[in-house]
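# Survey of secondary and tertiary structure
In case you want the letters, here they are:
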Amino acid sequence: MDFELAQVNIARLLAPLDDPRLRDFVDGLEPVNALADAAPGFVWRLQTEDGDATAVQAFAWDTAGSAGVLTNMSVWTSVQALADFVYSPGHLAVLRRRREWFERVQEMTSALWWVPAGQRPAVADAEERIRLLRAHGPTPAAFTLKRHFPAHDAVEAQDGDPGWLCPA
């Protein structure tokens, strides 16, 4: 079975999207999404008819008094393809400014996991992966760019005890 890499990252807003303090972020969404769409190894990203995911309601349990949570979810052909995009100059320029728009969060705000090729993850899948990563650290079920696992580990984890199942 072939696999693709799903990723989610979330951010707690410092202010509502229509606040002037977030203007540069909102104005940069379309160009950054276009960079992702054209990146080698890009497969799919969560978006509404508006072309972005700012209207997607998810992670309501994680707002922590913020102005809301933004969700970014996409699928890539490999960990390397995702890393190449994340650390590309166009994306890094926006990433370096994240503290202007988003709250600093101590918990994990991004997670990666393998999905069967052609499968598109649901928001509920992303929420589960963030919770798993926060509770158990990197495992084949939910991991990070820094500590990732090959796709065959995801299959083995599904077939056996991945270490986070309830022992009862």
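Residues numbered from 1 in each chain as written. Predicted model: local features only at pLDDT ≥ 70, side-chain atom pairs only at ≥ 80, totals over all residues. Heavy atoms only, no water.

### Observations concerning the nonpolar core
With 20 residues, the main nonpolar core has Val 8, Phe 59, Met 73, Trp 113 and Ala 126 as its most contacted residues. Where this core is concerned, the elements lending two or more residues are strand E1 (3-12), strand E3 (69-76), strand E4 (110-116) and helix H4 (123-136). No other element matches H4, which puts four residues into this core. Dropping the residues within four chain positions of it, Ala 126 is found in contact with Val 8, Phe 59, Met 73 and Trp 113. Of all hydrophobic cores here, the second largest spans 17 residues; its members include Val 32, Ala 39, Val 79 and Ala 81. (Core = buried A, V, L, I, M, F, W, Y, C linked by side-chain atoms within 4.5 Å. Buried < 20%, exposed > 50% of the residue type's maximum accessible area, 1.4 Å probe, protein only. Helix = DSSP H or I, 4+ residues; strand = E, 2+ residues; numbered from the N terminus. Contact = heavy atoms within 4.5 Å.)

### A look at helix H2 (residues 79-86)
Here H2 lies mainly inside the structure; six of its eight residues are buried. Where H2 is concerned, the buried positions are Val 79, Ala 81, Leu 82, Ala 83, Phe 85 and Val 86. Those residues of H2 hidden inside the fold are in contact with E1, helix H1 (23-38), E3, helix H3 (89-95) and E4.

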